[in-house]
Amino acid sequence: MADEDLTRTATDASGREAAHRAVTTVARHRSAAGSAAGILLRRGLGPLRRHRWLAAGLAVAACLAAALGYVGTRPQPEAAPQGGVPAGVGRPTGFPPIEAKRADAEPASPGLRPRRRPPSASPSPSASESTPSSPLLTVTQAEIPAEVDLTAVGPRDWVHWGLRGGGSTVRKRDGSGEIVDQGGRGARGGWDGNQELFGWRDGATVRTVDDTPAGVYTCGAGNGFALAVAGSGELRTVRLYAGLWMARGRLEARLSVGGPTTTLRMEDPHTSRSAEFTLRFRAPKGARLLITWTVEAAFSRDCGNVGLQAVALR
């Protein structure tokens with residue numbers, strides 16, 4: 001029994017020793033193998049790491065070269081002419097440098113420049129669309145020529161007063177009849193002492209007169225003459241030949257369609273004076289130019305007056 005126990009013990013001991021040697025040998029082999037594999041791995045990965053950094057460096061260099069090439073090929077902005085303003089100066093910020101907030105551009109898709117509209121031609125107004133000219137009135141004063149030819153200055157119409165007394169009137173034969181004597185306050189008297197001479201070759205009732213100094217007058221403050229001339233929508237010229245004696249006369253002119261009244265005054269407290277009043281007017285057809293020539297002040301107790309000789313229309 002003892003021998004068997006000793007034998008088993010020896011056997012167990014030798015077996016354990018053998019197993020320990022085997023484990024130690026395996027561990028040593030594993031350690032050696034691991035060390036060898038690590039050495040080989042480190043030796044193999046070293047070149048791989050160097051190749052990877054080299055590839056990354058080449059990629060960065062290629063990107064830089066491409067960026068420099070793109071910048072070199074971009075079109076450069078045109079230089080401003082000498083003394084001019086550089087391009088882009090004065091444009092509003094926050095918008096593209098071209099077509100920023102254009103009022104004449106159509107809406108565009110994002111990323112696209114707006115499409116400009118071609119200029120549209122304004123339609124020509126037709127005759128029916130044209131508006132009539134606005135009313136017009138101007139009045140000027142000048143000296144009466146020594147001799148007046150009513151046939152020449154009044155191709156449309158003319159009227160002369162006083163050839164044969166205070167109630168005498170001569171008109172243009174076949175005239176337009178657009179000059180109307182509307183009367184006025186005060187009695188009219190004939191006078192043949194005017195310094196200016198009038199003549200005509202186309203009169204009605206008296207066909208031809210070479211030179212006459214005749215005219216009519218009315219005395220006293222507030223008395224005078226009233227005339228009207230028809231409008232046609234076109235510019236017309238009226239010449240009024242009038243005078244005064246020891247008085248201040250007031251000429252008023254206005255259009256029947258409204259508007260301001262034009263007033264001119266002339267006076268001589270000692271003797272007589274005369275003038276050619278030129279009235280240029282435009283009034284619609286059916287409207288009239290209204291004229292009054294009145295004694296505003298009389299400087300003679302006998303007969304401070306205003307006088308009238310002729311009116312001509314062109």
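Residues numbered from 1 in each chain as written. Predicted model: local features only at pLDDT ≥ 70, side-chain atom pairs only at ≥ 80, totals over all residues. Heavy atoms only, no water.

**Points about the packing of aromatic side chains**
Right, on to step 1. Within the structure shown, the criterion is met by 3 aromatic pairs.
Right, on to step 2. Taking the centre distance of 5.2 Å and the plane angle of 40° together, the rings of Trp158 and Trp200 count as tilted. Taken together, the residues Trp158 in strand S3 (residues 157-161) and Trp200 in strand S7 (residues 197-200) connect sequence positions 42 residues apart.
Right, on to step 3. According to the relative accessible area criterion, Trp200 is buried, its value standing at 1%.
Right, on to step 4. Seen in terms of ring centroids, Phe277 and Trp293 are 5.6 Å apart; in terms of plane orientation they differ by 55°. Their pairing is tilted. Taken together, the positions of Phe277 in strand S13 (residues 262-282) and Trp293 in strand S14 (residues 288-298) put the pair 16 residues apart, joining distant regions of the chain.
Right, on to step 5. By relative accessible area, Phe277 is classed as buried at 0%.
Right, on to step 6. For Trp293, a relative accessible area of 2% corresponds to the buried category. (Phe/Tyr/Trp six-rings, centres within 6.5 Å; stacked < 30°, edge-to-face > 60°. Helix = DSSP H or I, 4+ residues; strand = E, 2+ residues; numbered from the N terminus. Buried < 20%, exposed > 50% of the residue type's maximum accessible area, 1.4 Å probe, protein only.)

**Thoughts on the sheet that holds S7**
Right, on to step 1. Taken in spatial order, the 3 strands of this open sheet run S2-S7-S9, and their pairing is mixed. Taken across any chain shown, the strands that pair with only one partner, and hence form the sheet edges, are strand S2 (147-149) and strand S9 (209-212). Strand-to-strand twist of the sheet, defined as the mean angle between neighbouring strand axes without regard to direction, takes the value 20°.
Right, on to step 2. Looking at chain direction, S2 and S7 are connected through 3 bridges and run parallel. Looking across to S7, one finds that Asp149 is bridged to Gly199. (Pairing = 2+ DSSP bridges. Axes fitted to C-alpha atoms, helices over the stretch in contact; angles between N-to-C directions.)

**A few points about the pairing of S3**
Right, on to step 1. Of all 5 residues making up S3, 5 are buried, and the element is well covered by its neighbours.
Right, on to step 2. Both faces of S3 are covered, namely the face carrying Asp157, Val159 and Trp161 and the face carrying Trp158 and His160.
Right, on to step 3. Here S3 pairs with strand S15 (residues 305-313) via 4 bridges, running antiparallel. If you follow His160 over to S15, its bridge partner there is Ala310.

**A few points about the pattern of salt bridges**
Right, on to step 1. Applying the stated criterion to the full structure yields 12 salt bridges.
Right, on to step 2. Taking the shortest distance from any N to any O, the salt bridge between Arg156 and Glu178 comes out at 3.1 Å. Residue Arg156 is located in the loop between helix H2 (150-153) and S3, and its partner Glu178 is located in the loop between strand S4 (169-172) and strand S5 (179-181); the two are separated by 22 residues in the primary sequence.
Right, on to step 3. Glu178 gets classed as buried once you look at its relative accessible area, which sits at 15%.
Right, on to step 4. Residues Arg239 and Glu276 are paired through a salt bridge, measuring 4.0 Å at the closest nitrogen-oxygen approach. Placement of Arg239 in strand S12 (residues 235-255) and of Glu276 in strand S13 is noted, with a sequence separation of 37 residues between them.
Right, on to step 5. Residues participating in the shared-partner salt-bridge network are Arg248, Arg250, Glu252, Arg265, Glu267 and Glu296. (Salt bridge = Lys/Arg side-chain N within 4 Å of Asp/Glu carboxyl O.)

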